[in-house]
Amino acid sequence: MRNRSHIQRGSGVYACRTCQHNTRDTGDNGDVRLCPACYTLAGEDNSLSDNGKLYDADSARNEFYALMEQTSLVRAKQLFPRVWSALIQAPTTTTGSAA
Ligand SMILES: [Zn+2]
């Protein structure tokens with residue numbers, strides 16, 4: 001397993017209450033007991049609810065990929081279906097490798 005940041009015992013480790021992935025407080029996410037990916041995606045879900053669009057599509061895409069790695073594509077879609085729908089419609093700003 002690749003795990004660059006070793007999670008230390010007693011450093012505020014908890015299971016994300018959305019995806020159950022073991023994570024730790026890296027800032028704001030600790031207050032709401034979410035992993036960084038779910039924290040960002042929950043914010044994007046709120047943005048979709050409030051504004052009808054993603055706050056930052058690139059950031060949302062990156063965190064969605066992170067969540068997929070922590071769980072699975074199926075699980076990530078189940079957890080944030082609105083964000084997923086918006087992402088597959090959002091234009092990507094990354095260039096290259098257009099298959
Ligand atoms: Zn999570």
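Above this text you will find the structure in question.
Keep in mind the model is a prediction, meaning the values are calculated, not measured. (Residues numbered from 1 in each chain as written. Predicted model: local features only at pLDDT ≥ 70, side-chain atom pairs only at ≥ 80, totals over all residues. Heavy atoms only, no water.)

**Q** Any chance you could break down the overall build of the protein for me, citing the residues and the numbers?
**A** Helices and strands together make up the secondary structure of the protein, namely four helices and two strands. Starting at the N terminus, the α and β elements of the protein follow one another as β-β-α-α-α-α. The buried share among the 99 residues of the protein stands at 26%. Counting contacts in the protein only where the partners sit at least 6 residues apart, residues at least 24 apart contribute 35% of the total. (Helix = DSSP H or I, 4+ residues; strand = E, 2+ residues; numbered from the N terminus. Buried < 20%, exposed > 50% of the residue type's maximum accessible area, 1.4 Å probe, protein only. Contact = heavy atoms within 4.5 Å.)

**Q** With reference to specific residues and values, describe the nonpolar core.
**A** The biggest cluster of nonpolar side chains holds 18 residues, and the ones touching the most others in it are C38, L54, F64, L67, F80 and V83. Counting residues per element, the ones that place at least two in this core are α1 (36-51), α2 (57-70) and α4 (81-89). Broken down by element, this core gets its largest block of residues, four residues, from α1. Those residues in contact with F64 that lie beyond four places of it in its chain are L41, L73, A76, K77, F80, V83, W84 and L87. (Core = buried A, V, L, I, M, F, W, Y, C linked by side-chain atoms within 4.5 Å.)

**Q** With reference to specific residues and values, describe the side chain of E44.
**A** Of note, E44 is situated in helix α1. Although buried, E44 forms no salt bridge, and the nearest oppositely charged side chain, R61, lies 10 Å from it. Discounting chain neighbours no more than four positions away, the residues touching E44 are L54, Y55, D56, A60 and V83. (Lys, Arg positive; Asp, Glu negative; His and termini not counted. Salt bridge = Lys/Arg side-chain N within 4 Å of Asp/Glu carboxyl O.)

**Q** So what about α4? Which residues, and what values?
**A** Considered for burial, the residues of α4 that qualify are V83, A86 and L87. End-on view of α4: buried residues confined to an arc of 100°, all on one side of the axis. Residues of α4 that are exposed and angled more than 90 degrees away from the buried face: I88 and Q89. Looking at the buried side of α4, the elements it contacts are α1 and α2. (Arc of directions from axis to C-beta.)

**Q** Provide a residue-level description of the coordination of the zinc ion, including the pertinent values.
**A** Around the zinc ion, the protein supplies C16 (SG), C19 (SG), C35 (SG) and C38 (SG) as donor atoms, at distances of 2.3 Å. Geometry at the zinc ion is tetrahedral, judged from the four donor atoms that bind it and their angles of 104 to 114° at the metal. Each donor residue of the zinc ion belongs to the same chain, and together they define the spacing C-x2-C-x15-C-x2-C. By the burial criterion, C35 is buried, and C38 matches it. (Donors = N, O, S within 2.8 Å, 3.2 Å for Na, K, Ca; no water. Tetrahedral: all angles 85-135°; square planar, octahedral: opposite > 155°, others 65-115°.)

**Q** Provide a residue-level description of the packing of α1 against α2, including the pertinent values.
**A** Between α1 and α2, the least distance of the axes is 9 Å, while the angle of their chain directions is 135°. Looking at the two axes, α1 sits oblique to α2. Of the two possible hands of crossing, α1 and α2 adopt the one that is left-handed. Of the residues in α2, those in contact with P36, A37, C38, T40, L41 and E44 of α1 are S59, A60, E63, F64, A66, L67 and Q70. Among the residues making up the contact of α1 with α2, the classes are represented as eight nonpolar, three polar and two charged. (Axes fitted to C-alpha atoms, helices over the stretch in contact; angles between N-to-C directions. Parallel < 35°, antiparallel > 145°, perpendicular 65-115°, else oblique. Left-handed = near helix turned anticlockwise from the far one by under 90°. Nonpolar A, V, L, I, M, F, W, Y, C, P; charged D, E, K, R; others polar.)

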